[in-house]
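As a plain string of letters, each chain reads:
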Amino acid sequence: MGRILYFALGWLIAGTALATAAVDEEKPHGRVCLSIFEPGPPEKEEAFQISAPTGAGKLVRAYVDASDKCSVLVAAITKDGKLVNGWRPQLADVPPEYEEILLPSAPVKWEWTASSAPFDFYVLFLAPDSKEIAEAKKLVDAMQNPKVDDRVLGLQTGKLKELIGRIASDKSSANQAPGTEPEIGGVFRGAAFPWRQFARAANFAADRPGVVIVSSEAAETK
Amino acid sequence: MTPDGSARSLTAGEHVWLRSPWPLLLVICGVAALWTLLAGDPFEGLEMRWFGQILRWRYERGIAPPVDPSIVHVDITQSDLRKTPTLESEYQSAATIIRQATELGAKVLAFDVVFGRGDQAMADPILKEIESTRSQSKTVILAEALLPSPENGKEERIRSFPFRERVLPTGLINVRADNDGVLRRYDYVHRSGTDKYEPSLALACYLAWRDIAWDKGVTFPSRDVARWEELSSDFTSVEARELKLDTVLLNYRSPWTGKGSAAFRHYNVAQLDGLYQTSRPTNAQPLGNAIVLISYYGAGLGDMGTTSIAPNQPRVILHSTALNDLMQRSWLRRTPRWIDAAAILVLLLLGAVATLFRGTASLLFFWVVGVAVCAVLSATLIVKAGWVPGLMSAAVVWSLLTLVELGRRQSHEFIQRLKLRSTMSLYFSPHIMEHVLQNPGSMEPQQAELTVLLTDLRNSTAIAELLGPPGMFQLLNQVFETQTRAILAEDGSMEHFLGDQFLSYWGAPDAQPDAADRAFRASLGLITGMEELRTNLEPNLKALFGYGVALHSGTALIGNKGSAQRLDYGLVGDLINAAARVESLTKYYGVLFLITREAYEKLSPSPKVRRIDKAVVKGKTTPLELFEVRHAHSPEHFDEILDRYNTAFAEYERGSFQAAEGMFAALRDDRQDKPSAVMAERCRELANDPPKDWNGIYHLTTK
């Protein structure tokens, strides 16, 4: 056990160094870590990998914090434009001073019980005065309705992708975080998950949202 | 413009087109509005040039709205093509573009390129990539064109890979320029026959972007409307979106090479490859959900044309602009004819206001204001409301109206001047008349300082009996001709001919500082003329022919007097009555020419005169001091008579009537001086009955 933890710690330190390499910590920035949580007993949690095996009761969670107040939009969309496993997107306010929040908020759950088509996990940090927030909030709120018609949900997802594309598409106006993901991260049982060690960060500003994309293609190519 | 009060009589009978602005205003506006309604805007070219100017101005001022960042151009440039010297490599490059753009997140790729050459083997890389994108729910759209066949004129489809079945979906790249060669308009749907519709490249891109299939998702509830379903604006339901199939005006945000948020993103092939390489490590999707339009761009490559906003633009910008307009619902539409016609009719209201602007300068100012209003309103409607109105034609019609109104006013004024001239020539010398015509206000009623000249023909009854009516009128006209010539030579104005009397004046309608001198010189000229006339008369007529001339100065009222049917510009006041009395006294004293002290004191230099008398004429209370002027026809011994008369008159004024009588009688007898005769008789009467409080002023009892 001790050897495993020691080994994992070494990788975590290297991963954290990589993850924060492109971030200017003097400027507003946000951090995110996706994890797979398995309710116990004992509870287990590990950094999310798209290649991670699915299993009964497993949940995907997103830990988020930020240096400055902002909003975060988290959505997982398959390459062919559908919500991954029906996961409803989340838009939440992130408090300043690195106070963490956990997504998705109840009652939404992102279950990792069935495999999915290739997909992209989008995490967008939006400054409070960002012009896209109002539209994003309206759309995400509309998508929370569990009884929404599949066709409407499909159109909503298309709209969400359009919105994300608009925010994240222009390289010159988005801070893209490096696309690395931990090649190995230890499994933490019965202890607080040290998510910040696995987090990826991105700067954000009113005209330059921070974007983190976890792509299943990247996982496949590794 | 015309003397007050006379305008009505002067305009009577004038043509209605000139008298009032309304007939021309109504006709021009009516014709222009009707023309616009039935045949379209006659100045459509001007409207379109103005429209282009507004688009350029909007971009240059940085107020053009941003384009949707989802639209991206990939330009295959000359330098890119140099790297693909063969058709195979060119097709391979196209396949690479598809793969890279797709992996960078693009959702729709549209080629404004027709792969019309090669064979199946060459096409395979492209077709393979197209197939691959389909598996990722992405779409590649190939351009097609419908062109008339040069052989039979029938519509012929120009498409990619003609050696195999069509690769769907496709979008038509048919565009047509206006008559001036400028690409302004776009048809989202091509309609052939009665019910066959095909999407343009822009519409095909949009539908693919929205995951709407053309053949299943789009319906045509009427001939001119396409309908499909989209997410509602509150994102909670599905609602129908309808697209009118009429031609729209493209809302160009920026030129092809423009910068800023109003310009589309561009990458050439090399840049796309660079973007692809740099984005891989971050999984970044700089083309996330984008619609990528791929076209040739470079000298000799692809189609170029002049658009509303700039010349030499790749035609693909029509499709990207149309696509952007569709996404933002921001295309422009030409206002319907009836609105353009109504705008022209609104000019009638402006015309009504313009009638308040009497002067040319103010009318021109109002014209400028009207044109500016049209321009600003037009620009506002284009920029803010998305409508391109026919206000430039309204501005042209407004300019025409202003010109016509100016012409009408000039013509009206010219005719008025002609009428006025013919009327005033009865009263004024040509010089005075010109001055009056240039200063119409000078004919306003006024009180003026005048010198009047009044002359009268003697023995007219006897002469009339001698000559009979024709002869009498002939003589009168000769006399008046002579008098008129003398008056006009000194810029005098004539009041009227009344019987054989003739009144003229100086000092009005405009002040003449030397009015008395002019009147005096006119009097001398008149006497000379009359004496010349006398020499040509028959002896029996010559004996009867006589006249008197009187000159008097003072104030009088002058202006138009009479009724609406008959007006005269003339004098009113005691000055005229006094002048008439003085003229009568020439007969009483037996002299030719009398002037009053009021006139005499204004003369410079003072002529040689004999003070004849100081008297109060009948009906008056103010005494007049009368002088006989020496002139060319005065008695030969005028100076001697003058001295002796002055001596006698001094005695008379002192009240030494008997002494004065003797002197006057002697002068009467020695020189047959008629005033001396009158004074001798008066002195005799006064000597018999000396007046109390004698002050040298005699009260005459006859007119």
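Worth saying up front: this structure is predicted, and the values here are computed from it rather than measured.

Caption draft 1: Summary view of the overall build of chain A. Along the backbone of chain A there are 4 helices and 11 strands. Residue burial in chain A is summarised as follows: out of 222 residues, 45% are buried. Here the analysis covers contacts within chain A between residues at least 6 apart in sequence; of these, 79% occur between residues at least 24 apart.

Caption draft 2: Local environment of the overall build of chain B. The secondary structure content of chain B amounts to 23 helices and 28 strands. Excluding contacts between residues fewer than 6 apart, the proportion of contacts in chain B whose partners are at least 24 apart in sequence is 72%.

Caption draft 3: Inspection of the environment of Asp68 of chain B at higher detail. Residues and elements named next belong to chain B. With respect to the secondary-structure elements, Asp68 resides in the loop between helix H4 (44-60) and strand E1 (71-76). Residue Asp68 is classed as partly exposed on the basis of its 18 C-beta neighbours within 10 Å. In this structure the C-alpha to C-alpha distance between Asp68 and Asp325, which are 257 residues apart in sequence, comes to 9.1 Å. Excluding residues within four positions of it along the chain, Asp68 makes contact with Asn324, Met327 and Gln328.

Caption draft 4: Here's a closer look at the sheet that holds strand E12 (residues 238-244) of chain B. Residues and elements named next belong to chain B. Within the open sheet, the 3 strands sit side by side as E10-E11-E12. Their pairing is antiparallel. Strands at the two margins of the open sheet, each flanked by one partner only, are strand E10 (219-222) and E12. Between one strand and the next, the sheet's axes are offset by a mean angle of 40°, whatever the strand orientation. Where strand E11 (residues 225-231) meets E12, 7 bridges bridge the pair, whose relative direction is antiparallel. From the neighbouring strand, Leu231 faces E12, where its bridge partner is Val238.

Caption draft 5: Highlighting helix H19 (residues 574-589) of chain B. Residue and element names in this part refer to chain B. Here H19 spans 22 Å end to end across 16 residues, near enough to the 22 Å set by a 1.5 Å rise per residue. Taken together, the buried positions of H19 are Leu575, Ile576, Ala578, Ala579, Arg581, Val582, Glu583, Ser584, Leu585, Thr586, Tyr588 and Tyr589. Positive backbone phi, at 75°, marks Gly590, one or two positions downstream of H19.

Caption draft 6: Quick look at the interface of chain A and chain B. At the junction of the two partners, chain A supplies 28 residues and chain B supplies 24 residues. Those elements giving two or more residues to the side of chain A that touches chain B turn out to be helix H2 (133-143), helix H3 (150-168) and strand E11 (210-215) of chain A. If you tally residues by element for the side of chain A that touches chain B, the top one is H3 of chain A, at 12 residues. Per-class residue counts for the side of chain A that touches chain B are 10 nonpolar, 8 polar and 10 charged.

Caption draft 7: Summary view of the pairing of strand E2 (residues 108-111) of chain B. All names here are of chain B. Of the two faces of E2, the one carrying Val108 and Ala110 and the one carrying Leu109 and Phe111 are both buried. In this sheet, strand E3 (residues 139-148) lies alongside E2 in parallel orientation, the contact comprising 4 bridges. Paired with Val108 across the bridge in E3 is Thr139. This β-α-β element, E2 to helix H7 (residues 120-135) to E3, shows right-handed connectivity. Bridge count between E2 and strand E15 (residues 291-296): 4 bridges; the pairing is parallel.

Caption draft 8: Here's a closer look at helix H11 (residues 316-328) of chain B. All names here are of chain B. For H11, spanning 13 residues, the distance from its first C-alpha to its last is 18 Å, which sits close to the expected 18 Å at 1.5 Å a residue. Taking burial as the measure, the 13 residues of H11 include 11 buried ones, the bulk of the element. Taken as a whole, H11 has its buried residues at Val316, Ile317, Leu318, His319, Ser320, Thr321, Ala322, Leu323, Asn324, Asp325 and Leu326. One or two residues past the end of H11 sits Arg329, with phi positive at roughly 50°.

Caption draft 9: Examining the nonpolar core more closely. By size, the foremost hydrophobic cluster in this structure holds 100 residues, and its most contacted members are Ala101, Ala110, Cys205, Ile291, Val292, Ile294 and Val397 of chain B. Element by element, the count of residues in this core is highest for helix H8 (residues 201-209) of chain B, at 9 residues. Excluding its chain neighbours within four sequence positions, the residues that come into contact with Val397 of chain B are Ile28, Cys29, Ala32, Ile344 and Leu347 of chain B. In this structure, Ala47, Val72, Phe121 and Tyr122 of chain A belong to the second largest nonpolar core, which totals 58 residues.

Rules of the game
- Residues numbered from 1 in each chain as written.
- Chains lettered and ligands numbered in written order.
- Predicted model: local features only at pLDDT ≥ 70, side-chain atom pairs only at ≥ 80, totals over all residues.
- Helix = DSSP H or I, 4+ residues; strand = E, 2+ residues; numbered from the N terminus.
- Buried ≥ 20, exposed ≤ 12 C-beta atoms within 10 Å, placed from the backbone.
- Contact = placed C-beta atoms within 7 Å.
- Pairing = 2+ DSSP bridges.
- Axes fitted to C-alpha atoms, helices over the stretch in contact; angles between N-to-C directions.
- Expected span 1.5 Å × (residues − 1).
- Nonpolar A, V, L, I, M, F, W, Y, C, P; charged D, E, K, R; others polar.
- Right-handed = clockwise from strand over helix to strand, strands pointing away.
- Core = buried A, V, L, I, M, F, W, Y, C linked by C-beta atoms within 7 Å.

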